[in-house]
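Each chain is listed here by its residues.
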Amino acid sequence: MGQVSIFKQHIAAMTAYAPPLEGRDPGTYTLLDFNERTIPVAEPIRQALIDFINSGRLQMYPCYGDITQNIADYCGVPEEQVMITNGSDQGIDVVIRAACREGDEIIIPGPSFAMYGQCARVENLNIIEPQYTLEGGFPLNEVLSSVNAKTRLIVISNPNNPSGTLLPPEDVVRIAKAAPGAVILVDECYFEYSKVTVADRLAEFPNLVITRTFSKTWGLPSVRLGYVLSAEENIQALLNVRGPYDVNQFAVAAVQAALVQPDVTLSYVDEVIQQSKPLLESFLKERGVTFWPSAANYLWTFPAEAERVNQALIDASILVRPKADAQGQLGLRITLGTREQTERLIEVLSGVL
Ligand SMILES: Cc1ncc(COP(=O)(O)O)c(C=O)c1O
């Protein structure tokens, strides 16, 4: 018999969330595997980081200045409705920890981003997992009928990762109304791509909590800055859980610089959504490859012999993310990059499909 863990039994029995990060050399590969921005950040952002290193403040604890106000301005909400976090992963973790206790029910429509389930398992919650479908999208009726007195939190990954499915704000609101005592965690990680938000409904629905990030569109996953948007009293409660220095100063320096000129960053969004996405979609349609309708910068595709296609892409120095659906069929989640990168991707796929 194995030694009894010094930690909680359910935690010792878990497996870590370990995405395949090693060997992702941007000098060797075109990285279409993590839904990242596929080109470097603008020069002023790089310079802001260098300036911070040279500012003689590395030995000091972080000082956040007006970053929260600047993010609030960008989002069009009052500063009191914003809390910065160490990536949106921390936002998800803090919200789940603040809302749920062991044995509570959490509804996480699946398949979805791994962190929700990971944080729920750490808290030993009962996970209810209605399934997204290619035909029906978000399992709205199942979510609504799963709500009961034990439901403490409902996750709406909007758009969902890996499927790209978008739930319209009116349906988010239906869920918020149906479960007034539960937290409705709306993960708007890919907001700049979908341009759909419920940030304008926070005052109306005190159970809405939004998480967002500078990791994806803004191209800054390495420095880790996310934020939570919610009613002021919720932000006050969440600040009791988040540590005072959880966000590092590099993240703040980089994001301050990025927010000075959002257009530089966001013009990349236009290229991805207006050029790359239709290009790849029409190629896939032409070749009869099934893919999920997506509101984000990635497409979950199901080519025949996905394994072989994946290997051919690796051989051509393109990384994508293999992800099986609920039936166990292997798909490839492909991040959309620049038009040029998409043309090259299509060229390689043309030779394999
Ligand atoms: C839906 C979703 N939410 C949150 C995250 C985490 O982002 P962050 O880097 O801000 O922790 C990801 C990253 O893949 C994601 O896909």
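Because the structure is predicted, anything quoted here is derived from the model rather than measured. (Residues numbered from 1 in each chain as written. Predicted model: local features only at pLDDT ≥ 70, side-chain atom pairs only at ≥ 80, totals over all residues. Heavy atoms only, no water.)

Strand order in this open sheet of seven strands is β2-β8-β7-β6-β5-β3-β4, and the pairing throughout is mixed. Of all strands in the sheet, those bounded by a partner on one side alone are β2 (82–85) and β4 (126–128). Going across the sheet, the axis of each strand differs from the next one's by a mean of 20 degrees, ignoring polarity. As defined by bridge partners, strand β3 (residues 105–107) adjoins strand β5 (residues 151–157) across three bridges and the pair is classed as parallel. Each residue of the ladder has a partner; that of Ile106, found in β5, is Leu153. The sheet strands contacting helix α4 (residues 87–99) are β2, β3, β5, β6 (183–187), β7 (208–213) and β8 (226–230), and the helix crosses β7 at an angle near 160 degrees. Along the sheet face, helix α5 (residues 114–122) touches β3, β4, β5 and β6 and points at about 150 degrees away from the line of β4. (Pairing = 2+ DSSP bridges. Helix = DSSP H or I, 4+ residues; strand = E, 2+ residues; numbered from the N terminus. Axes fitted to C-alpha atoms, helices over the stretch in contact; angles between N-to-C directions. Contact = heavy atoms within 4.5 Å.)

Before going further, it helps to spend a moment on the nonpolar core. The biggest cluster of nonpolar side chains holds 52 residues, and the ones touching the most others in it are Ile71, Ile175, Ile184, Leu208 and Leu229. Residue contributions to this core peak at seven residues, all from helix α10 (residues 249–260). Of the domains in this structure, domain 1 (9–41 + 263–352) and domain 2 (43–261) are the two that each give at least three residues to this core. Not counting residues up to four positions away in its chain, the partners in contact with Leu208 are Val172, Ala176, Ile184, Val186, Val198, Arg201, Leu202, Leu229, Ser230 and Asn234. (Core = buried A, V, L, I, M, F, W, Y, C linked by side-chain atoms within 4.5 Å. Buried < 20%, exposed > 50% of the residue type's maximum accessible area, 1.4 Å probe, protein only. Domains from an automatic or database assignment.)

Tallied over the full model, the rule gives eleven salt bridges. Here Arg201 makes a salt bridge to Glu170, at a shortest N to O gap of 3.1 Å. In this pair, Arg201 is assigned in the loop between α8 (191–194) and β7 and Glu170 in helix α7 (residues 169–178), connecting sequence segments 31 residues apart. Given a relative accessible area of 16%, Arg201 falls into the buried group. As a salt-bridge pair, Glu305 and Arg308 come within 3.2 Å of each other at their nearest N and O atoms. On the basis of relative accessibility, which here comes to 53%, the residue Glu305 falls in the exposed class. In this structure Arg308 comes out as partly exposed when scored by relative accessible area, which is 41%. Look at the salt bridges and you will find they share partners, linking Arg24, Asp33 and Glu36 into a network. (Salt bridge = Lys/Arg side-chain N within 4 Å of Asp/Glu carboxyl O.)

What follows concerns the site of the ligand. Ser88, Asn161, Asp187, Thr213 and Ser215 are the nearest of the 14 residues found near the ligand. A distance of 2.9 Å is found between an oxygen atom of the ligand and a backbone nitrogen or oxygen belonging to Asp89. Contact between the ligand and Asp187: a nitrogen atom at 2.5 Å from a side-chain N or O atom of the residue. A total of 400 Å² of accessible area belongs to the ligand in isolation, and the protein chains cover 93% of it. One can see that the ligand is located within the largest pocket. Among the residues forming the shell around the ligand, the class breakdown is four nonpolar, six polar and four charged. (Near = heavy atom within 4 Å. Polar contact = N/O pair within 3.5 Å; in protein donor to acceptor, adjacent residues only side chain to side chain. Areas by Shrake-Rupley, 256 points an atom, 1.4 Å probe, with all protein chains shown as cover. 1 Å grid on protein atoms, 1.4 Å probe; cavity = no way out; pocket = protein on both sides within 12 Å on 5 of 7 lines; lining within 4 Å. Sits in = over half its atoms within 2 Å of the grid points. Nonpolar A, V, L, I, M, F, W, Y, C, P; charged D, E, K, R; others polar.)

Attention now goes to unusual backbone geometry. Of note, the amide linkage connecting Gly110 to Pro111 takes the cis form, showing an omega dihedral of -5 degrees. Of note, Pro111 is situated in the loop between β3 and α5. Even without being a glycine, Glu305 presents a positive backbone phi close to 55 degrees. Its place among the elements puts Glu305 in the loop between β10 (298–302) and α12 (306–315). Positive phi outside glycine occurs at Ser317, with the angle close to 65 degrees. Note on placement: Ser317 falls in the loop between α12 and β11 (318–319).

This paragraph deals with the domain arrangement of the protein. A common way to report how large an interface is uses the accessible area buried once the components associate. Per the domain assignment, the segments of the protein are domain 1 (9–41 + 263–352) and domain 2 (43–261). Using C-alpha coordinates to define each centre, domain 1 is positioned 23 Å away from domain 2. Counting residues at the interface gives 33 residues for domain 1, matched by 36 residues for domain 2. Of the roughly 2,800 Å² buried at the junction of domain 1 and domain 2 (both faces included), carbon and sulfur atoms supply 65%. (Buried area = accessible area lost by both parts, 1.4 Å probe.)

By volume, the largest pocket amounts to about 810 Å³. For the largest pocket, the lining is made up of 40 residues, of which Tyr17, Asp89, Phe113, Ala114 and Asn161 are closest to its centre. Among the secondary structure elements, those contributing two or more residues to the lining of the largest pocket are α4, α5 and β12 (321–324). With four residues, the single largest contributor to the lining of the largest pocket is α5. When residues of the lining of the largest pocket are assigned to domains, at least three map to each of domain 1 (9–41 + 263–352) and domain 2 (43–261). Here the second largest pocket defines a volume of roughly 470 Å³. Along its surface, the second largest pocket is lined by 17 residues, and Pro26, Arg37, Thr38, Ile39 and Pro40 are the ones closest to its centre. When grouped by side-chain class, the residues that make up the lining of the second largest pocket number nine nonpolar, five polar and three charged. Residue assignment places the lining of the second largest pocket across two domains, with domain 1 (9–41 + 263–352) and domain 2 (43–261) each supplying three or more. (Points joined across faces, edges and corners; volume = space filled by probe spheres on them.)

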